[in-house]
Amino acid sequence: MSAIETDLIGDNTYGTAGSETSTEKVYRATVFGPAGTQGSKRMGFNKKTGRNFSIEDSDGGHHTWRQDMIREMLNDRPDDPFDCAVKITMWVFVSRPKGHYNSRHELKPTAPVLPPSGRDLDKTMRAVGDATKHAGWVKDDARIAWGEQRRFYCELGEPERTVVMMEWQGMTIGSKQKEALKKIVDNGPLFEYATSEA
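Residues numbered from 1 in each chain as written. Predicted model: local features only at pLDDT ≥ 70, side-chain atom pairs only at ≥ 80, totals over all residues. Heavy atoms only, no water.

The element strand 4 (residues 86–94) is extensively covered by neighbouring structure, given that nine of its nine residues are classed as buried. Residues Val86, Ile88, Met90, Val92 and Val94 point to one face of strand 4 and Lys87, Thr89, Trp91 and Phe93 to the other, with burial holding for every one of them. Sheet analysis places strand 4 next to strand 5 (residues 144–153), joined by nine bridges and oriented parallel. By the bridge assignment, Ile88 is partnered in strand 5 with Gly147. Assessed by its sense of winding, the connection that carries the chain from strand 4 through helix 3 (residues 121–134) to strand 5 is right-handed. (Buried < 20%, exposed > 50% of the residue type's maximum accessible area, 1.4 Å probe, protein only. Helix = DSSP H or I, 4+ residues; strand = E, 2+ residues; numbered from the N terminus. Pairing = 2+ DSSP bridges. Right-handed = clockwise from strand over helix to strand, strands pointing away.)

Topologically, Lys87 is positioned in strand 4. With 81 residues separating them along the chain, Lys87 and Trp168 place their C-alpha atoms 6.5 Å apart.

A word on the pattern of salt bridges. Under the counting rule described, the total for this entry stands at eight salt bridges. A salt bridge links Asp83 to Arg143; its shortest N-O distance comes to 2.7 Å. Residue Asp83 is found in the loop between helix 2 (62–74) and strand 4, and its partner Arg143 is found in the loop between helix 3 and strand 5; the two are separated by 60 residues along the sequence. Using a relative accessible area of 44% as the deciding quantity, one classes Asp83 as partly exposed. Overall, the relative accessible area of 28% leaves Arg143 in the partly exposed class. One salt bridge in this structure joins Glu158 and Arg161, with 3.2 Å as the shortest N-O distance. Residues joined by salt bridges that share partners form a network here, namely Asp83, Lys139 and Arg143. (Salt bridge = Lys/Arg side-chain N within 4 Å of Asp/Glu carboxyl O.)

Phi angles above zero are rare outside glycine, and His105 is one such case at about 60°. Following the sequence through the fold, His105 ends up in the loop between strand 4 and helix 3. Exposure remark for His105: the relative accessible area of 57% places this residue in the exposed category.

Following this line, the structure appears as structure tokens:
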């Protein structure tokens, strides 16, 4: 695990997956190389055959990338697929352009902190969602109730990669309504609103 990943795990700004305060098992998978994407399906009509057809908008290598993600997920999966709400945290790390560094391989003051462009994170998350089902993390990717996605630059010399983590979120309201809501919204306005009448 890189230094930046260690910092992110300890920083709730980037999600609670893997935090030291989490009591639930966090499932984790890492695939090296550029992130894959999986697009939406477009419907069309073939005038010659008179039949409808569908085309998936995605990059050419998304099947291979998704298979790599499934393989990594199989190495760390629950005994049975979750059939309740889960949280998926996805971090995509991309290389910085050489122009961000000076001749001493130090970052220039003008280098951006976060990548302003790259693969469509929504489409990468779509591929990850499919992988969670095929790898047995969840019964259905519709169980992903909470998704967080971020794009970061790699540290100098680090490989590009996609890190995916899954946390169980199947708590019930019951007698612990305030605690459950607090965990979900982290003391935000929604928590204050939801508990103001309690």
